[in-house]
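# Summary of the model geometry
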Amino acid sequence: MTNLWRKSRSRIAVLGVATLVAVGTAVMWPHAASAAVAEGLDCETNAQQTFSLTAGDGYVSTPDGNSIYMWSYGDSKTGFQLPGPTLCVTSGQPVTVILHNTLPEATSIVFPGQKGVKANGNPAQPQFDGGGSLSSLVQSAVAGTGSVTYTFTAGSPGTYLYESGTDVNKQVQMGMYGALVVRPAGHPNQVNDRADSAFTAGKEYVFLLSEVDPAVHLAVERNQPIDWTTYTARYFMINGRSMPDTLAPNHASWLPTQPYGALVHIKPYDANTNPLPATIRYLNAGSVNYPFHPHGSDERVINRDGHALAGPTGQDLSYQKYDLDVGPGQTVDTLMDWRDAEAWNPTTNPIPTQIPAITDQLLVGTDTWFSESGYLGTKNALPANITSNNECGEYYHIAHSHALEQSTNFGATFGGMMTVFRIDPPAGCTTQ
Ligand SMILES: [Cu+2]
């Protein structure tokens, strides 16, 4: 993944992310540590659809050097991670989630959108204390050593949050959330039961969006009261990472508790060689809307909150959208392809591009931060001993929250809820 990472940050450098350049040039990026999936959705799955999660605490890092105390659902075998594992199941099949609690207070899991959830065999339902006040939206596991087993039959195909149902404001802010992907039975490479929701196998991405007010986390870490009247989110995350960490591969060794990257990597549509789109599944675990968009192209919204956008007799109600408003608690599933492949063809779009004079190029070591092509075109000759940032003619588009304060790291632009979409040439990239 070294080249991918280096090339990704190169394009961002063009956009003026000075801190990213500084970080990138100072470090030799190691390869991902034995990652099963280096890019895109990294499912936790098994034939029994039985998962063991441990609610616990740990730290995540932010690109500005901060370290944030968090709570999360870790895989019981591998420990704390943010967000919780992405659980992939098949619609109509039974699911079991065993929650172990190591936190200093009771916690639980709610599965919004799933029907007939049971907790230790009883219907999942709100809990009240002796005074009649709501204590939890669902049966919880007691502090320290408690456990509870949730069971349900996976509902309609799509994407769902799972998150804490206990002291929700605090615990979800602290990081108690994850993604649940429900696949249509017999069609693992469709988003829903409709044939037109098919995507290219492996070109599947989850963007779990969230935010952090570090003051809340510091108060919890120090066992002090939380002052919600001053709540101000300072970090904005995709899959528990902020830009530029969003570009690093899954299981990057330097982000040991933040295993999921958020770089989308696709090829242009081609009727013969690449007829299917990629799918990107958005989830909002935060408290405000996240208006997310990639530059350069729309996405097709095909599912909301785990339901296909279809009329009563199967009419296709999906729609093309540039700016995806993902509301708190909502999920939005999209298809993304790239249709202007003609621009790649130098015989039909022979726009010449010139490499600037060497003195006009920003050179760092043997890298150049200049893309040397203004369109999705062929690769031009480069000066000797120079590594370009589109070595095979690939291209990068930024993708981010258009509420621009959400594209910052503690106020420093650019960062936060931001990543890139990488588009490879139709023939693919042999160098990466
Ligand atoms: Cu934008």
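Bear in mind the structure is a predicted one, so any value in this text is a computation, not a measurement.

## Some points on the coordination of the copper ion
Protein ligation of the copper ion involves H293 (NE2), H295 (NE2) and H400 (NE2), the donor distances falling in the range 2.0 to 2.1 Å. The motif formed by the donor residues of the copper ion, counted along the single chain, is H-x1-H-x104-H. Separated by 105 residues along the polypeptide, H295 in the loop between β16 (290-294) and β17 (299-304) and H400 in strand β24 (residues 395-401) bring together distant segments of the chain. For H400, a relative accessible area of 6% gives the class buried.

## Here's the deal with the environment of N122
Among the structural elements, N122 can be located in strand β6 (residues 122-123). For the pair N122 and T151, spaced 29 residues apart in sequence, the C-alpha separation works out to 9.5 Å. N122 has contacts with V117 and Q139, leaving out every residue within four places of it along the chain.

## Details of the sheet that holds strand β14 (residues 264-266)
Overall, mixed pairing links the five strands, which are arranged β14-β27-β24-β16-β20 in an open sheet. The open sheet has two edge strands, β14 and β20 (324-326), and neither has a second partner. Averaged over all pairs of adjacent strands, the angle between strand axes in this sheet comes to 20 degrees, irrespective of strand direction. With three bridges joining them, β14 and strand β27 (residues 418-423) adopt parallel strand pairing. Following the sheet pairing, H265 is matched in β27 by R422.

## Quick notes on the pairing of strand β12 (residues 204-212)
Of all nine residues in β12, nine are buried, a share of seventy percent or more. Alternating residues of β12 divide into E204, V206, L208, S210 and V212 and Y205, F207, L209 and E211, and every residue in both groups is buried. In terms of strand pairing, β12 meets strand β15 (residues 278-284) through six bridges, oriented parallel. Residue pairing in the sheet places E204 in a bridge with T279 of β15.

What counts, and where the lines are drawn
- Residues numbered from 1 in each chain as written.
- Predicted model: local features only at pLDDT ≥ 70, side-chain atom pairs only at ≥ 80, totals over all residues.
- Heavy atoms only, no water.
- Donors = N, O, S within 2.8 Å, 3.2 Å for Na, K, Ca; no water.
- Helix = DSSP H or I, 4+ residues; strand = E, 2+ residues; numbered from the N terminus.
- Buried < 20%, exposed > 50% of the residue type's maximum accessible area, 1.4 Å probe, protein only.
- Contact = heavy atoms within 4.5 Å.
- Pairing = 2+ DSSP bridges.
- Axes fitted to C-alpha atoms, helices over the stretch in contact; angles between N-to-C directions.

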